[in-house]
2 protein chains.
Amino acid sequence: MQTFALFFYIFVDIFDLINRMTKKQATIQDIAKALNISISTVSRAMSDHPKIKKSTKDQIWDMAKKLNYQPNTIAASLRKGKANTVGMIVPRVNRHFFSNVITGVESVLNPAGYNLIICQSEESIEKEKININTLIASRVSGILISLSLETTKYDHIKRAIKMGIPVVLYDRVCDELDVCKVENDDFSGSYDLTRHLIEQGYRKMMWIGGSRKFNTYTNRYQGYRKALSEIGLEADNMPIFEGSISLETSYDYFKTFIENEQLPEVIFSASDYMAMGAILALQEKGLRIPDDIAISGYSNEPFAALINPKLTSVEQFSKEMGQETARLLLAQIQSGNPNNVSTKTMIRPRLIVRDSTQNKNPDPTPPTND
Amino acid sequence: MQTFALFFYIFVDIFDLINRMTKKQATIQDIAKALNISISTVSRAMSDHPKIKKSTKDQIWDMAKKLNYQPNTIAASLRKGKANTVGMIVPRVNRHFFSNVITGVESVLNPAGYNLIICQSEESIEKEKININTLIASRVSGILISLSLETTKYDHIKRAIKMGIPVVLYDRVCDELDVCKVENDDFSGSYDLTRHLIEQGYRKMMWIGGSRKFNTYTNRYQGYRKALSEIGLEADNMPIFEGSISLETSYDYFKTFIENEQLPEVIFSASDYMAMGAILALQEKGLRIPDDIAISGYSNEPFAALINPKLTSVEQFSKEMGQETARLLLAQIQSGNPNNVSTKTMIRPRLIVRDSTQNKNPDPTPPTND
DNA sequence: TTGTAAGCGTTATCAG
DNA sequence: CTGATAACGCTTACAA
């Protein structure tokens with residue numbers, strides 16, 4: 001018994017030694033050889049094939065452990081013609097919104113056995129093209145993409161679609177591609193928010209946001225415009241500031257705006273960051289929010305609930321968007337007939353009313369409508 | 001001429017047709033066949049091998065374009081025994097700090113021709129093990145990992161190391177693994193911050209932070225302790241609150257703390273979120289910051305500069321950490337002798353002094369030391 | 001229940 | 001400068 005144990009010990013060690021010396025990883029061949037069985041049996045055992053005897057399976061699994069076997073998905077992918085990998089193109093990962101979409105995507109893709117390759121376009125169409133090529137070259141099972149701000153031609157994406165790779169667009173979509181899309185319902189979010197402002201009694205409004213050549217901001221503007229038009233106000237005749245979506249841009253703008261222009265009752269900011277810039281500029285001039293001027297944001301950035309006053313904003317459910325996007329992709333992959341349908345899913349955002357839009361001295365006139 | 005053009009047109013179309021019908025992607029074989037040359041020549045041309053005539057290369061590239069050829073990196077990886085992919089394990093992507101590390105990593109890995117597979121451990125050692133297995137199975141060229149909070153055993157990581165996969169630890173490291181590590185110099189960051197508080201004249205301090213069983217918080221505590229001991233104060237004798245690192249925990253704690261305990265002059269919070277929770281609780285009770293009580297944070301979250309008062313904090317240079325981590329990994333990969341060195345890189349953080357620690361009525365006693 | 005053998009698309013070695 | 005050919009590690013008909 002003693003001897004046997006010793007023998008066994010040496011036996012194990014030899015395998016380990018061989019592993020180390022050759023620096024080569026064990027394959028199913030090694031297992032097959034060691035057990036004097038066929039490699040296909042090993043392959044089947046590794047995927048827990050029902051037609052393999054339990055006892056042989058156990059043998060194989062033991063040996064696998066002994067040899068420190070790690071399956072090689074690359075070989076499997078090559079053989080199967082596709083990888084259990086999906087590619088996700090994101091403008092930037094270090095944005096609250098997008099990193100939450102990623103979390104959502106992973107939460108459905110991982111349990112389904114897929115890995116995520118994340119690529120950043122950094123808002124550049126050139127990078128986006130490179131990303132697409134990389135993903136095609138990696139033979140991913142599908143591609144999730146939110147378009148870069150620069151992207152106005154879609155040949156690179158069409159190429160992927162033509163190759164039979166399922167594609168789902170999320171957040172930043174376009175009409176030209178005939179695939180599944182998951183969007184934020186910016187129109188509704190904006191409309192609801194504007195209704196809230198109206199109900200608070202505000203009438204003299206001002207729009208600030210990113211350039212309306214981007215869908216996001218057009219849609220938000222349209223929602224704002226619609227709500228106003230319903231009570232007989234014309235958004236286009238009220239002040240508008242379009243600029244790059246950053247705290248600084250808006251801060252600088254309001255520094256001078258305050259000096260030269262008459263302030264509205266409320267600022268509708270289509271971006272929390274721009275709202276923040278405005279707030280800093282206004283507060284520096286001694287203006288109280290919302291008493292002297294109210295303001296709302298959009299996106300519900302983490303800081304919105306933390307600043308003073310707490311910022312009214314719109315929650316976008318980024319994680320849910322990721323989940324829905326991933327689910328659609330999985331459906332495409334599993335259908336075996338990718339890109340055969342082109343759906344359009346709207347994620348309905350939710351208005352979060354906070355202190356920054358609480359009218360202390362509401363206009364006596366109620367909304368004329370509804 | 002007319003005829004030729006027509007012929008050519010049909011010719012192209014046939015290829016396209018075949019591509020579509022078979023849904024099979026063109027390979028170098030197809031190119032070779034179409035051009036009546038050998039597949040090895042095509043392979044060489046695709047990697048721009050110097051010994052291939054310019055004219056044949058051009059032919060090949062043309063045909064590649066015509067056939068809509070996309071290289072198959074899976075096949076290449078299998079043949080070469082490794083993928084041009086590196087794996088990155090991150091506790092959570094939707095954290096400001098980590099998503100910036102990712103950005104940094106990508107900024108050096110992509111130009112070097114590597115792709116990133118990002119996995120989230122979600123602070124679970126089980127997930128971390130699965131992630132490691134996935135990455136090994138994908139035959140990544142290297143692994144970057146920040147340990148989950150649960151991780152106290154490292155067999156899974158050792159396995160990767162033993163298989164010859166270069167591993168670099170970042171942010172959350174451990175002594176037991178003999179690999180390259182990139183850490184935040186929490187001790188120094190905390191020390192510098194405490195010195196600043198001392199210089200502001202604060203003496204009655206309070207420590208709040210995450211559990212000190214985690215390196216991060218021990219180190220920060222030690223820096224704090226050291227600075228205090230230098231002026232003859234004993235940190236251990238001052239109030240301490242350890243809890244989960246969230247706004248809510250700290251908010252709840254201070255709601256009752258204010259009622260029952262005597263407030264310190266300044267709260268040293270080892271987390272911006274906990275600082276924020278405290279601020280909300282204190283301000284709700286009508287306390288003015290920093291006039292009635294000062295407070296500092298750590299990590300320089302985006303909101304730190306936006307709240308009122310602006311929060312003194314410590315900037316961690318997460319992007320730079322990512323870049324350094326990636327550089328170290330690349331060096332390991334290229335050395336061909338992975339995990340042969342084990343370095344320890346400290347990223348020195350920077351103190352950002354803001355309003356929340358401006359002492360309006362400084363203690364007349366200057367620091368006794370330095 | 002297990003084995004045989006072909007092949008996935010590359011690259012690398014050797015030979016012209 | 002180019003070609004033939006053997007892997008790389010796995011899956012999967014088809015056979016037994």
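So, here's what we can say about the structure. Along each chain, residues carry numbers from 1 onward, in the same order as the chain's sequence is written. Chains carry letters from A onward and ligands carry numbers from 1 onward, assigned in written order. Residues qualify for local features only when their pLDDT is at least 70, as the model is predicted, and side-chain atom pairs are given and counted only at 80 or more; totals for whole chains, interfaces and linings, by contrast, use all residues. The side-chain figures draw on all heavy atoms in the structure; neither hydrogens nor water molecules are used.

The numbering of helices and of strands both runs from the N terminus, where a helix is a DSSP run of H or I of at least 4 residues and a strand a run of E of at least 2. Looking only at helices and strands, one finds 13 helices and 12 strands in chain A. Restricting the calculation to C-alpha atoms gives the radius of gyration, and the globule rule supplies 2.2 Å times the number of residues raised to the power 0.38. Relative to a compact globule of 370 residues, whose C-alpha radius of gyration would be 21 Å, chain A shows 29 Å and is clearly more extended. For chain A, the C-alpha atoms occupy an extent of roughly 95 × 50 × 35 Å along the three principal directions. For each residue, the accessible area found with a 1.4 Å probe, counting protein chains only, is set against the maximum for its type, and the residue is called buried under 20%, exposed over 50%, and partly exposed in between. For chain A, with 370 residues in total, the buried portion stands at 52%. By definition in these notes, contact holds between two residues if any of their heavy atoms fall within 4.5 Å. In chain A, the share of contacts with a sequence separation of at least 24, taken over all contacts with a separation of at least 6, comes to 72%. Throughout, the Shrake-Rupley method with a 1.4 Å probe supplies accessible areas, and for residues the shown protein chains are the sole cover considered. Carbon and sulfur atoms make up 51% of the accessible area of chain A, which amounts to about 17,000 Å² in all.

So, on to the sheet that holds strand β8 (residues 266-269) of chain A. Residues and elements named next belong to chain A. A pair of strands is considered paired only if DSSP assigns at least 2 bridges between the two. The parallel open sheet is built from 4 strands, whose spatial order is β7-β6-β8-β9. Each edge of the open sheet is held by one strand with a lone partner, namely β7 (240-242) and β9 (294-296). Each adjacent strand pair in this sheet contributes to an overall mean axis angle of 15°, direction not counted. Alignment of strand β6 (residues 205-209) against β8, held across 4 bridges, turns out to be parallel. Only the stretch in contact is used when fitting a helix axis, every axis being a line fitted to C-alpha atoms; angles between N-to-C directions are given from 0 to 180 degrees.

Attention now moves to the interface of chain B and chain A. If you look at the interface, chain B gives 45 residues, while chain A gives 45 residues. A 1.4 Å probe defines the accessible area here, and the buried area is the portion of it lost by two parts on being joined, summed over both. Carbon and sulfur atoms supply 55% of the area that chain B and chain A bury against each other, a total of about 4,400 Å² over both sides. A per-residue breakdown of the area chain B buries against chain A is headed by I74, R139 and L306 of chain B, which together make up 16% of the total. Throughout this description, the term salt bridge denotes a Lys or Arg side-chain nitrogen within 4 Å of a carboxyl oxygen of Asp or Glu. Summed over the shared surface of chain B and chain A, the result is 0 salt bridges.

Attention shifts here to the protein's contact with DNA strand C. Near DNA strand C there are 25 residues, and of these S40, T41, R44 and R79 of chain A together with R79 of chain B occur at the shortest range. Any residue with a non-hydrogen atom lying within 4 Å of a molecule or strand is treated as near it. When the atoms of DNA strand C within 4 Å of the protein are sorted by group, sugar and phosphate make up 58%. K53 of chain A has a polar backbone atom sitting 2.8 Å from a phosphate oxygen of DNA strand C. N or O atoms closer than or at 3.5 Å make up a polar contact, with two conditions inside protein: a donor-capable atom paired with an acceptor-capable one, and, for residues adjacent in sequence, both atoms drawn from side chains. A distance of 2.7 Å separates a phosphate oxygen of DNA strand C from a polar atom in the side chain of S43 of chain B.

This part takes up the protein's contact with DNA strand D. In the neighbourhood of DNA strand D, 24 residues make up the surrounding shell, with I28, Y69 and R79 of chain A together with T41 and R44 of chain B lying closest. Between N72 of chain A and DNA strand D, the recorded distance is 3.4 Å, taken from a backbone N or O atom to a phosphate oxygen. At 2.4 Å from a phosphate oxygen of DNA strand D is found a side-chain nitrogen or oxygen belonging to T41 of chain B. Those elements that provide at least two residues to the surface near DNA strand D are α3 (39-46) and α5 (73-80) of chain A together with α3 (39-46) and α5 (73-80) of chain B. Each residue belonging to the surface near DNA strand D can be placed in one class, and the counts come to 9 nonpolar, 8 polar and 7 charged. Asp, Glu, Lys and Arg are counted as charged, while Ala, Val, Leu, Ile, Met, Phe, Trp, Tyr, Cys and Pro are counted as nonpolar; the rest, among them Gly, fall into the polar class.

All right, on to the packing of aromatic side chains then. Centres within 6.5 Å are what make two rings of Phe, Tyr or Trp a pair, Trp counting through its six-membered ring; a difference in plane orientation under 30 degrees is then read as stacked, over 60 as edge-to-face, and the rest as tilted. Applying the stated criterion to the full structure yields 24 aromatic pairs over all chains. Geometrically, the ring pair formed by F241 of chain B and Y253 of chain B is stacked, given 3.7 Å between the ring centres and 10° between the ring planes. One end of the pair, F241 of chain B, is in strand β7 (residues 240-242); the other, Y253 of chain B, is in helix α11 (residues 247-260), with 12 residues separating them in the sequence. With a relative accessible area of 12%, F241 of chain B lands in the buried category. With a centroid separation of 5.3 Å and 90° between ring planes, the pair formed by Y253 of chain B and F254 of chain B is classed as edge-to-face. The class for Y253 of chain B is partly exposed, based on a relative accessible area of 22%. Members of the aromatic cluster, joined through ring pairs, are W207, Y221, Y224 and F268 of chain A. Placement of a positive charge over a ring is assigned whenever Lys NZ or Arg CZ falls within 6 Å of the ring centre and within 35 degrees of the normal to the ring plane. Sitting over the ring of Y221 of chain A, R212 of chain A keeps its end group 4.3 Å from the ring centre.

What follows deals with the packing of helix α6 (residues 96-109) of chain B against helix α13 (residues 318-335) of chain B. All names here are of chain B. One can describe the packing of α6 onto α13 by two numbers: an axis separation of 6 Å at closest approach and a directional angle of 45°. Comparing their axes, α13 and α6 come out oblique. Considering only the axes of α6 and α13, their crossing is right-handed. Every residue of α13 that contacts α6 at F97, N100, V101, T103, G104, V105, S107, V108 and L109 is listed here: S318, K319, M321, G322, Q323, A326, R327 and L330. Residue composition of the contact of α6 with α13, grouped by class: 8 nonpolar, 7 polar and 2 charged. Roughly parallel means an angle under 35 degrees; roughly antiparallel means over 145; roughly perpendicular covers 65 to 115; every other angle is labelled oblique. Here a crossing is called left-handed whenever its near helix is offset anticlockwise from the far helix by less than a right angle, and right-handed whenever the offset is clockwise.

With that settled, the discussion passes to the side chain of T325 of chain B. By the element assignment, T325 of chain B lies in helix α13. Excluding residues within four positions of it along the chain, T325 of chain B makes contact with L144, V168, Y170 and V182 of chain B.

Residue and element names in this part refer to chain A. Of the two faces of strand β4 (residues 167-170), both are covered, the one formed by V167 and L169 as well as the one formed by V168 and Y170. Direction of pairing for strand β3 (residues 142-145) relative to β4: parallel, over a ladder of 3 bridges. Bridge pairing links I145 to L169 in β4. The definition of a right-handed crossover adopted here requires that, viewed with the strands pointing away, the path from the first strand over the helix to the second runs clockwise. The parallel pair β3 and β4 is bridged by helix α8 (residues 155-162), and the resulting crossover is right-handed. Pairing geometry for β4 and strand β5 (residues 180-184), over 3 bridges, is parallel. Within β5, the residue paired with Y170 across the bridge is V182.

Residue and element names in this part refer to chain B. Summarising burial for strand β2 (residues 115-120): 6 of the 6 residues are buried, a large majority. The alternating pattern of β2 places N115, I117 and C119 and L116, I118 and Q120 on opposite faces, both of which are buried. Alignment of strand β1 (residues 85-90) against β2, held across 6 bridges, turns out to be parallel. Residue V90 lies in a different strand from β2, and its bridge partner there is Q120.

Attention now goes to the relation of the copies chain B and chain A. Expressed as a screw transformation, the operator carrying chain B onto chain A has a rotation angle of 180° and an axial translation of 0.0 Å, and the superposed copies differ by an RMSD of 0.1 Å. In the structure described here, the two chain copies are related by an operation that fits a two-fold rotation axis. Both copies present the same face, since 100% of the interface residues in chain B are matched by interface residues at the equivalent positions in chain A. Least squares is the method for superposing the copies, and the C-alpha atoms it fits come from residues with pLDDT of at least 70 in both.

These results come straight from atomic positions and should not be treated as a statement about function.
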